[in-house]
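# An overview of the molecular structure
So the chains spell out like this:
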Amino acid sequence: MKKICIVGASGKLGRYMVQHALDRGYQVNAVCRAKSVHKLRAFEREIQIFPGHTDDTEVIKNAVRCCEAVLVVLAPWGVKHYSTNTAKAVLDHADDKARLIFSCGWHISLDGKDRFSRRFKVMVKLLSVVLRTLRIADIDDQVRACNTIFASTRRWTVVRGSDLEEGESQGLPVRSDHVGDKVLESNLTRRTDFALFMISAIENDALVGKAPAIVGCKTESAQKYDTHAFR
C-alpha cells in the first residue's frame, strides 16, 4: 500500500483529499494544527495524525518520512511566512523521489504567460492589502512559496484552483496551462473535485514541473471549449 502525507488535512479541501486518498487505498499521514485534530475524528481509525503547525520542520520531517507523495494545502495564514516555511519544510524533508503536490489559487503564475483580467488583479491586490493589514493572511507569501517550489528540482506540481463551491462530485476537473484560456472562463470548481485532482496528480507524471489551472468539468466553459486533451 502506498503511503502519502496530506499537509493541512483538517480544512475542507484537506478532508476531501483524505477521503479520496482512502477511497483509492492509500495509507495516509495527516498534518494539522493540534486545535483542529477533532475535525479529523471521522478518519481517526484509518489515518495517522501528526498534530502541529504545517511550517514546523520537525512535525513535517516526521510526517513525510517514507511517504511516496506529499500533498500540501498551501495556506498563507498570518504574516510570518507560513506558506514559504511550509513549502521549504516539505521540499527539504520529503523523500528524494516523492511526488510533491501543492494547492494554491489562480493568482500564481509559473511562466508569466497567464492573462489576468484587470478586475481580477485589482481584487487580488485589495484583498492582499486588507488581509495583511489585519494580519490574517499574506497572499504575497503564497507567491514567494510557489516561486521557491518552481525553483526546486523536486518532482513537484502546483495546482491552481478557481473559485470553489460545495456539492456532489462532478468528476475530474479540466485543466489548462494558463489562466485566461477560454476553457477556464466559468471560474468554478467543486471543492471535492479540486481534492480529486490533487490525488489524481500523484500518478500523473505529465504534471511534474507544471502549474495547471483547473475548472469544473461540468461548467459552461469546460463543456464548450474542452477538447479532452488535458483530462
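Cut-offs applied
Counting from 1, residues in each chain are numbered in the order their sequence is written. With pLDDT at 70 or above as the cut-off, local features in this predicted model cover only qualifying residues; side-chain atom pairs require 80 or more to be listed or tallied, and sums for whole chains, interfaces and linings still use all residues. Only hydrogens and water are removed before side-chain values are computed, so all heavy atoms of the structure are retained for them. Helix and strand definitions here come from DSSP, where helices need a minimum of 4 consecutive H or I residues and strands a minimum of 2 consecutive E residues; each element is numbered from the N-terminal end. UniProt positions are given in the numbering used here, feature names are shortened, and annotations may be inferred rather than shown by experiment. Angles shown run from 0 to 180 degrees and are taken between the N-to-C directions of axes, each axis being a line fitted to C-alpha atoms and, for helices, limited to the stretch in contact. Should an angle fall under 35 degrees it is called roughly parallel, over 145 degrees roughly antiparallel, and 65 to 115 degrees roughly perpendicular, with every other angle called oblique. In a left-handed crossing the near helix is turned counterclockwise from the far helix by less than a right angle, and in a right-handed crossing that turn is clockwise. Only heavy atoms matter for contacts: two residues are in contact if any of them lie within 4.5 Å across the pair. Here the nonpolar group is Ala, Val, Leu, Ile, Met, Phe, Trp, Tyr, Cys and Pro; Asp, Glu, Lys and Arg are the charged ones; every other residue, Gly included, is treated as polar. Relative accessibility decides the category of a residue: with a 1.4 Å probe and only protein chains considered, values under 20% of the type maximum give buried, values over 50% give exposed, and everything between is partly exposed. Pairing between strands is defined by DSSP: at least two bridges between them are needed. Handedness is read with the strands pointing away from the viewer; a crossover is right-handed when the path from the first strand over the helix to the second is clockwise. Within 3.5 Å is the distance limit for a polar contact, defined as a pair of N or O atoms, with the added protein rule that one can donate a hydrogen and the other accept it, and that residues adjacent in sequence qualify only through two side-chain atoms. Salt bridges, as used here, are contacts in which a Lys or Arg side-chain nitrogen is within 4 Å of a carboxyl oxygen on Asp or Glu.

Here the focus is unusual backbone geometry. Of all residues except glycine, most have a negative phi; of all peptide bonds, most are trans. Residue Cys66 is not a glycine yet carries a positive backbone phi of 65°. Tracing the backbone through its elements, the reader meets Cys66 in the loop between helix 2 (57-64) and strand 4 (69-73). The backbone of Asn187 shows a phi angle near 50°, a positive value even though the residue is not glycine. Of note, Asn187 is situated in the loop between strand 8 (174-176) and strand 9 (188-190).

A word on the UniProt feature "domain: NAD(P)-binding" (unreviewed entry) in the protein chain. UniProt's feature table lists "domain: NAD(P)-binding" (unreviewed entry) at residues 8-204, given in the numbering used throughout. Helix makes up 36% of residues 8-204 and strand 20%, whereas the separation of the span's terminal C-alpha atoms amounts to 22 Å.

Bringing the packing of helix 3 (residues 82-93) against helix 5 (residues 139-150) into the picture now. Where helix 3 contacts helix 5, the axes come no closer than 7 Å and their chain directions differ by 20°. With respect to helix 5, the element helix 3 is oriented roughly parallel. Considering the relative orientation of helix 3 and helix 5, their crossing is right-handed. Residues Tyr82, Ser83, Thr84, Ala87, Lys88 and Leu91 of helix 3 form the contact with helix 5, whose own contacting residues are Asp141, Gln142, Arg144, Ala145, Thr148 and Ile149. Across the contact of helix 3 with helix 5, the residue classes tally to five nonpolar, four polar and three charged.

With that out of the way, let us pick up the pairing of strand 1 (residues 3-7). In terms of residue burial, strand 1 counts as a mostly covered element, since four of its five residues are buried. Taken together, the five bridges between strand 1 and strand 2 (residues 27-32) define a ladder with parallel strand orientation. Counterpart to Cys5 in the pairing with strand 2 is Asn29. Once you follow strand 1 into helix 1 (residues 12-23) and on to strand 2, the crossover reads as right-handed.

Once that is clear, we can look at the environment of Asp114. Inspection of the secondary structure assignment puts Asp114 in the loop between strand 5 (99-105) and helix 4 (118-133). Overall, the relative accessible area of 10% leaves Asp114 in the buried class. Spatially, the C-alpha atoms of Asp114 and Ala201 are 21 Å apart, while their sequence positions differ by 87 residues. Discounting chain neighbours no more than four positions away, the residues touching Asp114 are Ile108, Ser109, Arg160, Asp177, His178 and Val179. Separated by 2.5 Å, the side chains of Asp114 and Ser109 make a polar contact. Among the polar contacts made by the side chain of Asp114, one reaches the side chain of Arg160 at a distance of 3.0 Å.

Scanning all chains against the criterion turns up 10 salt bridges. Its salt-bridge partner being Asp141, residue Arg144 comes within 3.6 Å of it at the nearest N-O pair. Of the two residues, Arg144 and Asp141 are both situated in helix 5; the distance of three residues between them amounts to about one turn of the helix. The buried category is assigned to Asp141, whose relative accessible area is 1%. One network of salt bridges, in which partners are shared, links Arg132, Asp138, Asp141 and Arg144.

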